[in-house]
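Tertiary structure, described
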Amino acid sequence: MPLVFVLVPLIALLAINLPLGSLGKKLGFPTAALLALLQIGAVLFAPGAWANPSDFLGGSVRFAFSADRLSLLLLLSIGIAVLGALCVARYLFRDSKSEEGPRFFNLTILAMIGMNGVSLVSDLFSLYVFLEITAVSSYVLIAFERQKEGLEGAFKYLILSAVATVMMLSSIGLFVLAVGDTSFASVAKAVAEGGGDWVVLLAVGLFVGGLFIKGGLVPFHAWVPDAYSSAPAPVSVLLAGIVTKTTGVYTLIRLSGSVFANAFHLNLVFLAVGILTIFVGALAAMWQKDMKRMLAYSSVSQVGYIILALGAASPLGAAAAAFHLFNHAIFKGQLFINAAAVEKQTGTRDMDQMGGLSARMPLSSWTSVVAFLSAAGIPPLAGFWSKLLIVVALWKAGQSGFAVAAILASILTLAYFLMLQRKVFFGKLSERFASVKEASLWLVLPALILALVSIGVGLFFPLLWDTILVQVAGI
Amino acid sequence: MTAAFVVFKAYWIFIVLLALAGVYCVVATRNLVRVLIGMELMTKAATLLIVVAGWASGRMALAQALIINLIVVEVVVIAVAAGIVVSLFRKNGSLSTRELDKLKN
Amino acid sequence: MIVIFVVLGLMVVSSLWTVMTRSLVRSALGLALTSVILTILMFQLGATMAAVFELSVCAGLITVVFISTISMTKALTHAALLTKTRDRLKRYWYLPALLLVAGAVLAFVLSPLPFEAATPVPAAIDFDALKQMLWKDRQTDLLGQITIIFAGVTGVIVLFKERKGGQE
């Protein structure tokens, strides 16, 4: 039953926080890592086992969690991204005597519970609850080092997120008014039948607007660069890799598929917002000097692709969106791990000061090359396939103009990534960094694994098409 | 469903006004704590909306359950937000929002 | 029905005061007052249990949180306060004007709809339905509550803890 994805981490969390003295402090990382690994394993090796609803005690205790293929894909992405973040965090908290480590891992597990919950709920209000769990954990994680930067980033995220929350709550209120219930099924029925009723439309609009803010879409993306770049390294991996994707984008994929389907030109909104986001993100990325900020704008741009795919309003579009979400978790998570390695070894994030690091940090450089090729959509990497699917979905839906624009934007993506590569890894080796060494295994190994996943998924895509994507498309 | 809507036109107007006051507070203030107060006002508007919706559609039990849950969640959010504000104060020595622009390049 | 209008009006006025008042403490108290008026409205509409929650938590607990936050953060010196007051008045007087305009516009837009209809009559207090709803139909949310409380506690510990050898 899908409940385990929420209940097991929760129980584990409570267990490791019992006052067990020094044993408890050491358990944080292994437990969290184990949970993430179990999650990955559960999805990869037993995908059929989670279909049954969560029934205990003969139905008297009933949790409304359900897992379809889309949820499973997200759970997999969550597991992978969290594992990557944990490796970086493990390196950060090497000192096992400190109090901070266990608390960090607690928060990471909490964020994981929140995101797992988001992928499994079938009710708008429960969605809100688990979104807030993820959000609260994120605020604290971003502000974890209690430095000015992190606190500011967390605060900005908090304000915008609160506005989004109020919008979603108002929407839920309107649905209670119009429908009398907040479950996905009831709302879907109401949207399908009462398409013209303006209360329902307003509710849909408010909810989607709130999710746009949470996902960092233009014009609500202002919090993204600040939050991503000021967060501690493992948190950036977590945020960029999966938190924003789950809270903003996955929810939109889920809702646009069945719940809000065909609501009054929703797909036009997606097309417009998507294309705007792609270009604004890409153009802004080119101007950045700070490595993490550039990656943050790049994330904004990639999320635009996912929303654009939803604009096709077809199962293919939804599948393409979901696949790109998965790929983005992989390559963006990996790029932030690379950024963490670079920042650790050189002590700076200012790209103008860097250069030629590939000589000294070969593994980090080459894995980042793989990631950026995947992001720009170069075959045979995974990113190529998801971008192709997006373009095809748009083309088939008759939105050829947007399809062309998406292809053009890929060129922009290639451009700013080439700039990143030239500035940071290639080019002349700067004097200051002549003695820099490759980063620790904790930072390099996950990057390596993620790069291999990008390559692997790309090469074997035709095989995966049937098993994964067709299933996801039949949401 | 416009029939139900009719019933409480007055409520609609005041809910929107309350929400506006909250948004204005968040946008116009230079004090971090006031930002939180504005957030709270917006949340109250949403709460009232849910109550009225529950009353008008006859689903008061659902509305109340939603509100109770929502209140708990919002308390946690405000507590964490207050924590961030206090930490910011300790770092910056002031509650001014002007201090928050350090992150721009 | 006039009563409802008066109460609603009081609520907006008190929220106005909350936003515009100079002192932070008064602002927090204004928020509490707004909560109390909201509670009255909720009682009127029949949401008794939720109203009790709202009163004890929002008007009570959150006010305590705000007052503690305010007391943990230093007040401004008098001179700084005076300069701030002058230009804040300039910024804030837009609000009542904005609210009046918005109210008028909304009233106009919604005018085809009759004001009429039921004055809210407090419905018979139906505890059973609520219990059923909370414990049986909304269990997922309860699981979420437990989790978020945990998250909040961890967050508060992380954020409020003093650095060793650090500030105040």
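Residues numbered from 1 in each chain as written. Chains lettered and ligands numbered in written order. Predicted model: local features only at pLDDT ≥ 70, side-chain atom pairs only at ≥ 80, totals over all residues.

A look at the overall build of chain B
Using the following cut-off: Comment: elements are numbered from the N terminus, with helices defined as DSSP H or I runs of at least four residues and strands as E runs of at least two. Residue burial is a threshold on neighbouring C-beta atoms within 10 Å of the residue's own C-beta, all placed from the backbone, with 20 or more meaning buried, 12 or fewer meaning exposed, and counts in between meaning partly exposed.
In terms of helices and strands, chain B carries four helices and zero strands. N-terminal to C-terminal, the α/β element order of chain B is α-α-α-α. Of all 105 residues assigned to chain B, the portion counted as buried reaches 69%.

A few points about the interface of chain C and chain B
Rules: Throughout, a residue-residue contact means that the two C-beta atoms, derived from backbone geometry, are no farther apart than 7 Å.
Taken residue by residue, the interface counts 70 residues in chain C and 54 residues in chain B. Looking at the side of chain C that touches chain B, the elements that each hand over two or more residues are α1 (2–20), α2 (24–45), α3 (48–72), α4 (78–92), α5 (94–109), α6 (127–137) and α7 (139–160) of chain C. Per-element accounting of the side of chain C that touches chain B gives the leading share, 13 residues, to α3 of chain C.

Some details on the packing of helix α4 (residues 60–92) of chain B against α7 of chain C
When two helices pack together, you describe them by how their axes are tilted relative to each other and by the distance separating the axes. To keep it simple, the criterion reads: Orientation is described by lines fitted to C-alpha atoms, with helices fitted over the stretch in contact, and by angles between N-to-C directions that extend from 0 to 180 degrees. Throughout this description, any angle smaller than 35 degrees is read as roughly parallel, any larger than 145 degrees as roughly antiparallel, any in the 65 to 115 degree range as roughly perpendicular, and the remainder as oblique. Crossing handedness is defined as follows: a turn of the near helix away from the far one that is anticlockwise and smaller than a right angle gives a left-handed crossing, while the clockwise case is right-handed.
Where α4 of chain B meets α7 of chain C, the axes come as close as 9 Å, and the angle between the chain directions of the two elements is 15°. Looking at the two axes, α4 of chain B sits roughly parallel to α7 of chain C. In this structure, α4 of chain B meets α7 of chain C at a crossing whose hand is left-handed. Contacts from Asn-69, Val-72, Val-73, Val-76, Ala-79, Val-80, Gly-83, Ile-84, Val-86 and Ser-87 of chain B of α4 of chain B reach α7 of chain C at Asp-141, Gln-145, Ile-148, Ile-149, Ala-151, Gly-152, Gly-155, Val-156, Leu-159 and Phe-160 of chain C.

Regarding the nonpolar core
Burial of nonpolar side chains together is a common tendency in soluble globular proteins. Rule in force here: Structurally, a nonpolar core is described as a collection of buried Ala, Val, Leu, Ile, Met, Phe, Trp, Tyr and Cys residues joined by way of C-beta atoms within 7 Å. Domain extents, as shown, originate in an automatic or database domain assignment.
If you look at the biggest cluster of nonpolar residues, it comprises 280 residues, and the most contacted ones within it are Tyr-139, Leu-238 and Leu-308 of chain A together with Leu-18, Ile-50, Val-51 and Ile-84 of chain B. For this core, the element with the highest residue contribution is α4 of chain B, accounting for 23 residues. Counting residues domain by domain, this core receives three or more from each of domain 1 (2–125) and domain 2 (127–168) of chain C. In this view, Val-51 of chain B contacts Ala-63 and Ile-67 of chain B together with Met-42, Leu-45, Ala-47 and Ala-50 of chain C; residues no more than four positions away in its chain are not counted.

Details of the interface of chain B and chain A
In plain terms, the rule: Think of it as three bins: nonpolar holds Ala, Val, Leu, Ile, Met, Phe, Trp, Tyr, Cys and Pro, charged holds Asp, Glu, Lys and Arg, and polar takes everything else, Gly as well.
Every contact between the two is made by 35 residues of chain B and, on the other side, 34 residues of chain A. For the side of chain B that touches chain A, the secondary-structure elements that each account for two or more residues are α1 (2–6), α3 (32–57) and α4 of chain B. Among the elements that take part in the side of chain B that touches chain A, α4 of chain B stands out by supplying 15 residues, more than any other. Among the residues making up the side of chain B that touches chain A, the classes are represented as 25 nonpolar, seven polar and three charged.

Some points on the confidence of the model for chain B
Residues and elements named next belong to chain B. Put simply, the test is: The predictor attaches a confidence to each residue, and that confidence, scored 0 to 100, is pLDDT.
Confidence in the prediction of chain B, expressed as mean pLDDT, is 83, and 85% of residues score 70 or more. Per-element mean pLDDT across chain B ranges from 45 in α1 up to 91 in α3. In this model, residues 1–7 is a region of pLDDT below 50 whose contacts with residues beyond four sequence positions or in other chains number 14 contacts. Two summary scores accompany this predicted model of the complex, namely pTM at 0.89 and ipTM at 0.91.

Notes on the packing of helix α5 (residues 124–142) of chain A against helix α10 (residues 233–259) of chain A
All names here are of chain A. At a minimum axis separation of 11 Å, α5 and α10 run at an interaxial angle of 160°. Classified by the interaxial angle, the pair formed by α5 and α10 is roughly antiparallel. Along this stretch, α5 crosses α10, giving a crossing that reads as left-handed. Seen from α5, the contacting residues are Leu-127, Leu-131, Thr-134, Ala-135, Ser-138, Leu-141 and Ile-142; seen from α10, they are Val-235, Leu-238, Leu-239, Val-243, Thr-246, Thr-247 and Thr-251. Split by residue class, the contact of α5 with α10 holds nine nonpolar, five polar and no charged.

So, the confidence of the model for chain A
When pLDDT is low, close inspection of the predicted coordinates is not appropriate. The predicted model of chain A has a mean per-residue pLDDT of 81, with 88% of residues at 70 or higher. Looking across chain A, the model is least confident in strand β1 (residues 54–56) of chain A, with a mean pLDDT of 53, and most confident in α5 of chain A, with 92.

Let's talk about the environment of Leu-131 of chain A
Residue and element names in this part refer to chain A. Mapped onto the elements, Leu-131 comes out in helix α5. Overall, Leu-131 belongs to the buried group, with 28 C-beta atoms counted inside 10 Å. As for Leu-131 and Leu-443, which are separated by 312 residues in sequence, their C-alpha atoms are 29 Å apart. Beyond its immediate sequence surroundings of up to four residues, Leu-131 is in contact with Val-118 and Thr-247.

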